[in-house]
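Descriptive structure summary
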Amino acid sequence: MSRIGKRPIPIPEGVEVAIKNKKVTAKGKLGELSVELGPGIKAITEDNQLKVKPASMARENMAKYGLYRSLLSNIVEGVNQGFSKTLKIVGVGYRASLKGNNLEILVGYSNPVVIEQIPGISFEVPDNTTITVKGIDKQKVGKVAADIRDIRRPEPYKGKGIRYEDEYVRRKVGKAAITAGSGK
(Lines give C-alpha, C1' and ligand atoms only; values in the text may rest on other atoms or scores of the structure.)
Protein backbone atom coordinates (compact mmCIF):
# COMPACT_ATOMS: atom_id res chain seq x y z
CA MET A 1 0.00 0.00 0.00
CA SER A 2 1.41 3.39 -0.97
CA ARG A 3 1.89 5.79 1.92
CA ILE A 4 2.02 8.71 -0.49
CA GLY A 5 -1.13 7.61 -2.31
CA LYS A 6 -3.17 7.50 0.90
CA ARG A 7 -2.64 11.18 1.70
CA PRO A 8 -5.38 13.53 0.45
CA ILE A 9 -4.40 16.59 -1.60
CA PRO A 10 -5.76 19.81 -0.08
CA ILE A 11 -7.33 22.07 -2.71
CA PRO A 12 -6.33 25.67 -1.91
CA GLU A 13 -8.73 28.58 -2.21
CA GLY A 14 -8.87 29.90 -5.77
CA VAL A 15 -8.15 26.53 -7.39
CA GLU A 16 -10.89 24.60 -9.18
CA VAL A 17 -10.51 20.86 -9.78
CA ALA A 18 -12.70 19.05 -12.31
CA ILE A 19 -12.77 15.31 -12.97
CA LYS A 20 -14.21 14.17 -16.28
CA ASN A 21 -13.66 10.81 -18.02
CA LYS A 22 -10.40 9.89 -16.23
CA LYS A 23 -9.02 13.40 -16.87
CA VAL A 24 -8.34 15.64 -13.86
CA THR A 25 -8.06 19.35 -14.64
CA ALA A 26 -6.88 22.01 -12.19
CA LYS A 27 -7.51 25.68 -12.91
CA GLY A 28 -5.97 28.45 -10.82
CA LYS A 29 -4.62 31.98 -10.90
CA LEU A 30 -1.49 30.99 -12.87
CA GLY A 31 -3.13 28.81 -15.51
CA GLU A 32 -4.61 25.41 -16.21
CA LEU A 33 -3.06 21.92 -16.16
CA SER A 34 -4.50 18.44 -16.56
CA VAL A 35 -3.48 14.83 -15.97
CA GLU A 36 -4.94 11.76 -17.64
CA LEU A 37 -5.43 9.02 -15.03
CA GLY A 38 -4.13 5.58 -15.89
CA PRO A 39 -6.20 2.41 -15.94
CA GLY A 40 -7.19 1.18 -12.50
CA ILE A 41 -6.89 4.61 -10.81
CA LYS A 42 -9.81 6.74 -9.61
CA ALA A 43 -9.87 10.30 -8.26
CA ILE A 44 -12.62 11.92 -6.20
CA THR A 45 -13.11 15.34 -4.60
CA GLU A 46 -14.70 15.75 -1.20
CA ASP A 47 -14.45 18.41 1.53
CA ASN A 48 -11.99 20.58 -0.47
CA GLN A 49 -9.66 17.61 -0.86
CA LEU A 50 -8.66 15.52 -3.84
CA LYS A 51 -8.25 11.82 -3.13
CA VAL A 52 -6.72 9.11 -5.30
CA LYS A 53 -7.85 5.51 -4.98
CA PRO A 54 -6.97 2.30 -6.81
CA ALA A 55 -9.95 0.80 -8.64
CA SER A 56 -9.02 -2.65 -7.35
CA MET A 57 -6.38 -4.20 -5.12
CA ALA A 58 -4.48 -5.53 -8.16
CA ARG A 59 -0.70 -5.28 -7.88
CA GLU A 60 -0.24 -2.87 -10.81
CA ASN A 61 -2.96 -0.52 -9.49
CA MET A 62 -1.40 -0.46 -6.04
CA ALA A 63 2.00 0.29 -7.59
CA LYS A 64 0.76 3.28 -9.59
CA TYR A 65 -1.63 5.16 -7.39
CA GLY A 66 1.12 6.88 -5.38
CA LEU A 67 2.54 8.16 -8.68
CA TYR A 68 -0.80 9.61 -9.77
CA ARG A 69 -1.29 11.22 -6.36
CA SER A 70 2.09 12.99 -6.81
CA LEU A 71 1.21 14.10 -10.35
CA LEU A 72 -2.13 15.50 -9.19
CA SER A 73 -0.48 17.24 -6.24
CA ASN A 74 2.01 18.85 -8.63
CA ILE A 75 -0.68 20.27 -10.93
CA VAL A 76 -2.66 21.67 -7.98
CA GLU A 77 0.47 23.32 -6.56
CA GLY A 78 1.59 24.49 -10.02
CA VAL A 79 -1.60 26.39 -10.89
CA ASN A 80 -1.65 27.95 -7.41
CA GLN A 81 2.02 28.86 -6.72
CA GLY A 82 4.14 27.68 -9.65
CA PHE A 83 7.59 26.11 -9.56
CA SER A 84 11.09 27.50 -9.96
CA LYS A 85 14.66 26.23 -10.18
CA THR A 86 17.69 28.44 -9.60
CA LEU A 87 21.02 27.82 -11.30
CA LYS A 88 24.39 29.40 -10.48
CA ILE A 89 27.17 30.01 -12.99
CA VAL A 90 30.71 29.63 -11.62
CA GLY A 91 33.77 30.58 -13.64
CA VAL A 92 35.79 33.60 -14.72
CA GLY A 93 34.04 35.31 -17.64
CA TYR A 94 30.99 33.02 -17.44
CA ARG A 95 27.71 34.93 -17.46
CA ALA A 96 24.08 34.91 -18.57
CA SER A 97 21.75 37.59 -19.87
CA LEU A 98 18.27 37.97 -21.32
CA LYS A 99 17.93 38.95 -24.97
CA GLY A 100 14.22 39.64 -25.31
CA ASN A 101 12.57 36.50 -23.95
CA ASN A 102 15.52 34.27 -24.84
CA LEU A 103 18.38 33.35 -22.52
CA GLU A 104 21.95 33.92 -23.70
CA ILE A 105 24.72 32.09 -21.84
CA LEU A 106 28.47 32.66 -22.21
CA VAL A 107 30.37 29.73 -20.67
CA GLY A 108 33.68 29.47 -22.48
CA TYR A 109 32.53 28.44 -25.96
CA SER A 110 33.45 30.51 -29.00
CA ASN A 111 29.82 31.59 -29.47
CA PRO A 112 27.14 32.30 -26.87
CA VAL A 113 24.53 29.58 -26.28
CA VAL A 114 21.02 30.91 -26.88
CA ILE A 115 18.04 29.11 -25.33
CA GLU A 116 14.70 29.92 -26.91
CA GLN A 117 11.80 30.57 -24.57
CA ILE A 118 9.40 27.63 -24.29
CA PRO A 119 5.67 28.33 -23.86
CA GLY A 120 4.81 28.18 -20.16
CA ILE A 121 8.43 28.75 -19.03
CA SER A 122 10.01 32.09 -18.17
CA PHE A 123 13.60 33.02 -17.36
CA GLU A 124 14.86 35.56 -14.85
CA VAL A 125 18.45 36.75 -14.52
CA PRO A 126 18.73 38.74 -11.25
CA ASP A 127 22.51 39.05 -11.71
CA ASN A 128 24.83 37.80 -14.43
CA THR A 129 25.70 34.56 -12.59
CA THR A 130 22.20 33.50 -11.51
CA ILE A 131 19.43 32.04 -13.69
CA THR A 132 15.90 31.33 -12.42
CA VAL A 133 13.60 29.10 -14.47
CA LYS A 134 9.89 29.54 -13.61
CA GLY A 135 6.68 27.89 -14.75
CA ILE A 136 3.55 26.06 -13.65
CA ASP A 137 4.51 22.60 -14.96
CA LYS A 138 7.04 20.99 -12.60
CA GLN A 139 8.24 18.54 -15.24
CA LYS A 140 8.93 21.27 -17.84
CA VAL A 141 10.73 23.49 -15.31
CA GLY A 142 12.98 20.62 -14.25
CA LYS A 143 13.70 19.59 -17.85
CA VAL A 144 14.64 23.12 -18.95
CA ALA A 145 16.84 23.61 -15.87
CA ALA A 146 18.58 20.28 -16.55
CA ASP A 147 19.13 21.24 -20.20
CA ILE A 148 20.72 24.55 -19.12
CA ARG A 149 22.96 22.72 -16.64
CA ASP A 150 24.03 20.29 -19.40
CA ILE A 151 25.46 23.17 -21.45
CA ARG A 152 28.49 23.25 -19.11
CA ARG A 153 28.31 20.79 -16.22
CA PRO A 154 30.38 21.63 -13.14
CA GLU A 155 33.79 20.03 -13.39
CA PRO A 156 35.44 18.54 -10.29
CA TYR A 157 38.90 20.17 -10.49
CA LYS A 158 38.16 23.91 -10.52
CA GLY A 159 34.40 23.77 -9.93
CA LYS A 160 33.62 25.81 -13.05
CA GLY A 161 30.30 25.36 -14.82
CA ILE A 162 26.57 25.68 -14.31
CA ARG A 163 25.12 24.08 -11.18
CA TYR A 164 21.89 24.09 -9.23
CA GLU A 165 21.78 26.61 -6.40
CA ASP A 166 21.89 23.97 -3.65
CA GLU A 167 24.18 21.52 -5.50
CA TYR A 168 27.45 20.51 -3.87
CA VAL A 169 30.31 19.84 -6.30
CA ARG A 170 32.81 17.41 -4.88
CA ARG A 171 36.27 18.68 -5.69
CA LYS A 172 39.20 16.50 -6.74
CA VAL A 173 42.87 17.18 -6.18
CA GLY A 174 44.82 17.77 -9.39
CA LYS A 175 48.16 16.29 -10.26
CA ALA A 176 50.92 17.15 -7.81
CA ALA A 177 53.76 19.22 -9.24
CA ILE A 178 57.02 17.30 -9.66
CA THR A 179 59.77 18.91 -7.62
CA ALA A 180 63.41 19.12 -8.76
CA GLY A 181 64.78 16.76 -6.07
CA SER A 182 62.33 13.88 -6.57
CA GLY A 183 62.44 11.10 -9.12
CA LYS A 184 65.37 9.79 -11.15
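Read on for an overview of the structure. (Residues numbered from 1 in each chain as written. Predicted model: local features only at pLDDT ≥ 70, side-chain atom pairs only at ≥ 80, totals over all residues. Heavy atoms only, no water.)

So, the pairing of strand S3 (residues 23–27)
With five bridges joining them, strand S2 (residues 16–20) and S3 adopt antiparallel strand pairing. Its bridge partner lying in S3, Ile-19 is registered against Val-24. Counting the residues between successive antiparallel strands, the hairpin from S2 to S3 contains two residues, one of them, Asn-21, with a positive phi of roughly 50°. Bridge count between S3 and strand S4 (residues 32–36): five bridges; the pairing is antiparallel. Following the sheet pairing, Val-24 is matched in S4 by Val-35. Counting the residues that bridge the hairpin from S3 to S4 gives four residues, and of these Gly-31 lies at a positive phi of roughly 155°. (Pairing = 2+ DSSP bridges. Helix = DSSP H or I, 4+ residues; strand = E, 2+ residues; numbered from the N terminus.)

Concerning the packing of aromatic side chains
All chains considered together, the criterion is met by zero aromatic pairs. Seen from the ring of Tyr-164, Lys-85 lies directly overhead, with NZ or CZ sitting 5.4 Å from the centre. The ring of Tyr-109 has Arg-152 sitting right over it, with the charged end atom 4.4 Å from the ring centre. (Phe/Tyr/Trp six-rings, centres within 6.5 Å; stacked < 30°, edge-to-face > 60°. Lys NZ or Arg CZ within 6 Å of the ring centre and 35° of its normal.)

Here's the deal with the nonpolar core
Nonpolar side chains in soluble globular proteins generally cluster together in the buried interior. One finds Val-17, Val-24, Leu-37, Leu-50, Leu-72, Ile-75 and Val-76 to be the most contacted residues of the largest nonpolar core, which totals 21 residues. For this core, the elements supplying multiple residues, two or more each, are S3, S4, strand S5 (41–46), strand S6 (49–54) and helix H2 (59–80). Per-element accounting of this core gives the leading share, seven residues, to H2. Discounting residues that sit within four places of it in the chain, Leu-72 has contacts with Ile-9, Val-24, Val-35, Leu-37, Ala-43, Leu-50 and Val-52. (Core = buried A, V, L, I, M, F, W, Y, C linked by side-chain atoms within 4.5 Å. Buried < 20%, exposed > 50% of the residue type's maximum accessible area, 1.4 Å probe, protein only. Contact = heavy atoms within 4.5 Å.)

Notes on the sheet that holds S5
Spatially, S1-S6-S5 is the arrangement adopted by the three strands of the open sheet, whose pairing is antiparallel. A strand with exactly one partner marks an edge of an open sheet, and here the two such strands are strand S1 (9–10) and S5. Bridge count for S5 against S6 is six bridges, and the pairing is antiparallel. The residue bridging Lys-42 from the neighbouring strand is Lys-53, located in S6. Across the sheet, H2 touches S1, S5 and S6, and the angle it forms with S6 is around 160°. (Axes fitted to C-alpha atoms, helices over the stretch in contact; angles between N-to-C directions.)

Notes on the sheet that holds strand S13 (residues 161–164)
The four strands lie next to each other as S11-S12-S7-S13, forming an open sheet whose pairing is antiparallel. Either end of the sheet is taken by a strand with one partner, and the two such strands are strand S11 (121–124) and S13. Going from strand to strand, the sheet's axes swing by 25° on average, the running direction of each strand aside. As paired elements, strand S7 (residues 83–90) and strand S12 (residues 130–135) share six bridges and run antiparallel to each other. Note that in S12 the partner of Phe-83 across the bridge is Gly-135. Of the strands in this sheet, S7, S11, S12 and S13 are in contact with helix H3 (residues 138–151), which crosses S7 at around 5°.

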